[in-house]
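Inside the fold
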Amino acid sequence: MQAVAQNVFRGTITDAPDFDPTADAEALYSAMKGIGSDKEAILDLVTSRSNAQRQEIIAAYKSNFGQDLIDDLKYELTGKFERLIVSLMRTPAYHDAKEIHDAITGAGTNERCLIEVLASRNNKQIHDMVAAYKDAYGRDLEEDVIADTSGHFKKMLVVLLQGTRDESGVVDADLVQQDAQDLYAAGEEQWGTDEAKFIMILGNRSVTHLRMVFDEYEKIAEMSIEDSIKNELSGDFERLMLAVVQCIRSVPMFFAKRLYKSMKGLGTADNTLIRIMISRSEIDMLDIRECFRLRYEKSLYNMIKDDTSGDYKRTLLNLCGGDDDLAGEFFPEAAQIAYKMWELSAMTRVQLRPTVRPAPNFDPAADAQALRKAMKGFGTDEDAIIDIVAWRSNAQRQEIRQAFKSLLGRDLMKDLKSELSKNLERLIIGLMLTPAEFDAKMMRKAMEGAGTDEHALIEILVTRSNQEIHAMNAAYQGAYKKSLEDAIQSDTSGHFCRILVSLGAREEGLADVERANADAQVTECILFFTELADACNADSDDMVMKFMSILCTRSFPHLRKVFQEFVKCSNKDIEQIIKKEMSGDVKNAFYAIVRSVKNQPSYFADRLYKAMKGLGTDDRALIRIMVSRSEIDLFNIRKEFKETHDASLHEFIQGDTSGDYRKTLLILCGGED
């Protein structure tokens, strides 16, 4: 057995020096006396005192003025600012108790609040919250949770409410192996899922123990525990277990994700934002800030600044504690997380899952006749066309094309183009082309006419294998009587052109490059990136060419190891170096490579989100990704989309498109998450 040291967490709010609760009570009384109130004085004082000091101020206020400070604050302040200030005045236990009470009181239940609070608190915090709930509401928290929830979700919440997770820090290596095997046997190894085994292990074992279990699980299952949970569980129970796993891996990263989701898109989930900023301000807000920057390439400070206003904003920014230099070094917690993220990327064998598969009992002749019938005569039966084309694999569609010509003497592609229009036509034609033909056409579209769609060129060339790029080259030559390389060189220039042309000759070995630093190439790459991180005035041409020689030629497994060790050596992440040292299309190309190396389904999920967010839709990008990934990894992309954006890909497509075009895209999407 071995004992492992616990993490030290760091907040942004600490005890104020030379603290005088009586003077602070008098200052608050003066700020609220008379007509109106001095909100700046209130927020500056409250956010510069620790919670323990605030409790002393409350007592001094009552002793000196015979009034309840919280009642006076509620009377003088309004809206979100009032909620934030009043919540800061409660002790952590009573604040958690109120959040849980509000989540289960009234019509409906706020399951996400229950998950966030119970998955992230340690044993003492749970016990204190349960006692505070009983004191404040005269009720038993466990009984109320049982009455308001059901199934395995309820059982796991009850386990967490016991506050009995092992916190000894002692790890038994034999038990680690056994738990990893038991989790595998309870899920991936059998038909159906033994949810009780997941609940018992994830609800009771220590943080250090479970981190080791997750590592062993990945070796056994060749997938992460998160992917297994997504495959085996569903609904609120799935979300709860994923939250528990995320908190085991890193509580700061869990909260960074929650904060991002609370502010992204239209509107702000203010209750979530307030709850997290208050509850973590004296624990680990510095680490949350670093994790936020690591994952979203934007400081938490700036996101709060952009998403809120007035005194509410000022108070939140005080709790945040400062803006982070985008390219600065990581704090230890964030560096450790970045290293672990690359390690997970290197270890995990993601099972790529399509959403479109070959249709059973396939009859190409019957399909060809049905398509002809759908297009013959007056009008077109779009539903019949969609139901055939979208429910067949690409290989089956090629057989249908051949049967259509052999049986009817007609060109199916020409008939479809004449009968369909706009986005539906583009989508259906894209599905009928071979993958190589489709990629070649997308490259052509990205370069034709005025202007170039550099993002499309990057997306296609960065994410395709050597074989796929070679097939695309041949298809381009056949369709347009010009080499793709010549076309790229005619339409782009400089380093960006060289990067695009160099793709397609990447090493694709798997066995040796994943080993530790004995690989001389890994060491060479690490040394280069480390030197680069310290040499802000490096020669631009030399820097880009060296990046090209590594990022465009090394295998993805090799690059994962390089990027992982780079964090270890430099306390920086390769993504930050690229964003700091480069610009324009060169930066975008290298950044796309790194994102694809780390997690390609996540890269495509972000591309789909950007295609549909805001006003208008980038239909070309939407069609390109939905068609090209539907038989490769669109199911994985869906899961990453939901994880990152807290809404399903299905929901986005449903809300952003219409008619037969939408119907076809939703079939390709393959379901709601």
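What you are looking at is a predicted structure, and each value in this text was computed from that prediction instead of being measured.

1. Quick word on the nonpolar core
Nonpolar side chains tend to gather and get buried jointly when the protein is soluble and globular. Of all hydrophobic cores here, the largest spans 102 residues; its most connected members are L202 and M277. Counting residues per element, this core draws most heavily on helix α15 (residues 235–249), which supplies nine residues. When near neighbours in sequence (up to four residues on either side) are disregarded, L202 contacts M156, R165, L210, F214, I229, M241, V244 and V245.

2. Comments concerning the packing of helix α16 (residues 251–263) against helix α38 (residues 634–645)
Their axes nearest at 8 Å, the elements α16 and α38 cross at an angle of 80 degrees. Taken as axis vectors, α16 and α38 run roughly perpendicular relative to one another. Residue-level contacts link K257, Y260 and K261 of α16 to K642, E643 and T644 of α38. Its residues assigned to classes, the contact of α16 with α38 comprises one nonpolar, one polar and four charged.

3. Quick look at unusual backbone geometry
Even without being glycine, N361 reaches a positive phi, approximately 50 degrees. Within the element layout of this structure, N361 appears in the loop between α21 (332–347) and α22 (364–375). The backbone of K481 shows a phi angle near 55 degrees, a positive value even though the residue is not glycine. Owing to a relative accessible area of 66%, K481 belongs among the exposed residues under this scheme.

4. Examining α15
Because each turn of an α-helix spans 3.6 residues, side chains separated by three or four positions in sequence point in the same direction. With 15 residues, α15 extends 21 Å between its outermost C-alpha atoms, agreeing within 8% with the 21 Å of an ideal straight helix rising 1.5 Å per residue. In terms of residue burial, α15 counts as a mostly covered element, since twelve of its 15 residues are buried. Among the residues of α15, those classed as buried are F237, E238, L240, M241, L242, A243, V244, V245, Q246, C247, I248 and R249.

5. Some remarks on the packing of helix α37 (residues 619–629) against helix α40 (residues 659–669)
Taken N-terminus to C-terminus, the directions of α37 and α40 make an angle of 35 degrees; their axes are 10 Å apart at the nearest point. By crossing handedness, the relation of α37 to α40 is classed as left-handed. In this structure, α37 uses D619, L622, I623 and M626 to contact α40, whose residues at the interface are Y661, L665, L668 and C669. Grouping the constituent residues of the contact of α37 with α40 by class yields seven nonpolar, no polar and one charged.

6. Re the pattern of salt bridges
For side chains of opposite charge, pairing can occur when their charged atoms come near one another. The tally for this structure, following the rule as stated, stands at 36 salt bridges. Of the charged contacts, one joins R121 and D96 as a salt bridge, the two residues approaching to 2.7 Å between their closest N and O atoms. Of the two residues, R121 is situated in the loop between α7 (111–120) and α8 (123–137) and D96 in helix α6 (residues 92–104); the sequence distance between them amounts to 25 residues. Close ionic contact of E448 with K445 constitutes a salt bridge, the shortest N to O distance being 3.3 Å. The exposure class of E448 is partly exposed, given its relative accessible area of 37%.

7. As for the confidence of the model for the chain
Across the chain, the average pLDDT comes to 88, with 89% of residues at or above 70. pLDDT under 50 marks residues 1–7. Its contacts with residues more than four places away, or in other chains, come to 18 contacts. Within the model, the stretch residues 511–520 combines pLDDT values under 50 with 18 contacts to residues more than four positions away or in other chains.

How each quantity is defined
- Residues numbered from 1 in each chain as written.
- Predicted model: local features only at pLDDT ≥ 70, side-chain atom pairs only at ≥ 80, totals over all residues.
- Heavy atoms only, no water.
- Core = buried A, V, L, I, M, F, W, Y, C linked by side-chain atoms within 4.5 Å.
- Buried < 20%, exposed > 50% of the residue type's maximum accessible area, 1.4 Å probe, protein only.
- Helix = DSSP H or I, 4+ residues; strand = E, 2+ residues; numbered from the N terminus.
- Contact = heavy atoms within 4.5 Å.
- Axes fitted to C-alpha atoms, helices over the stretch in contact; angles between N-to-C directions.
- Parallel < 35°, antiparallel > 145°, perpendicular 65-115°, else oblique.
- Nonpolar A, V, L, I, M, F, W, Y, C, P; charged D, E, K, R; others polar.
- Expected span 1.5 Å × (residues − 1).
- Left-handed = near helix turned anticlockwise from the far one by under 90°.
- Salt bridge = Lys/Arg side-chain N within 4 Å of Asp/Glu carboxyl O.
- pLDDT = per-residue confidence, 0-100.

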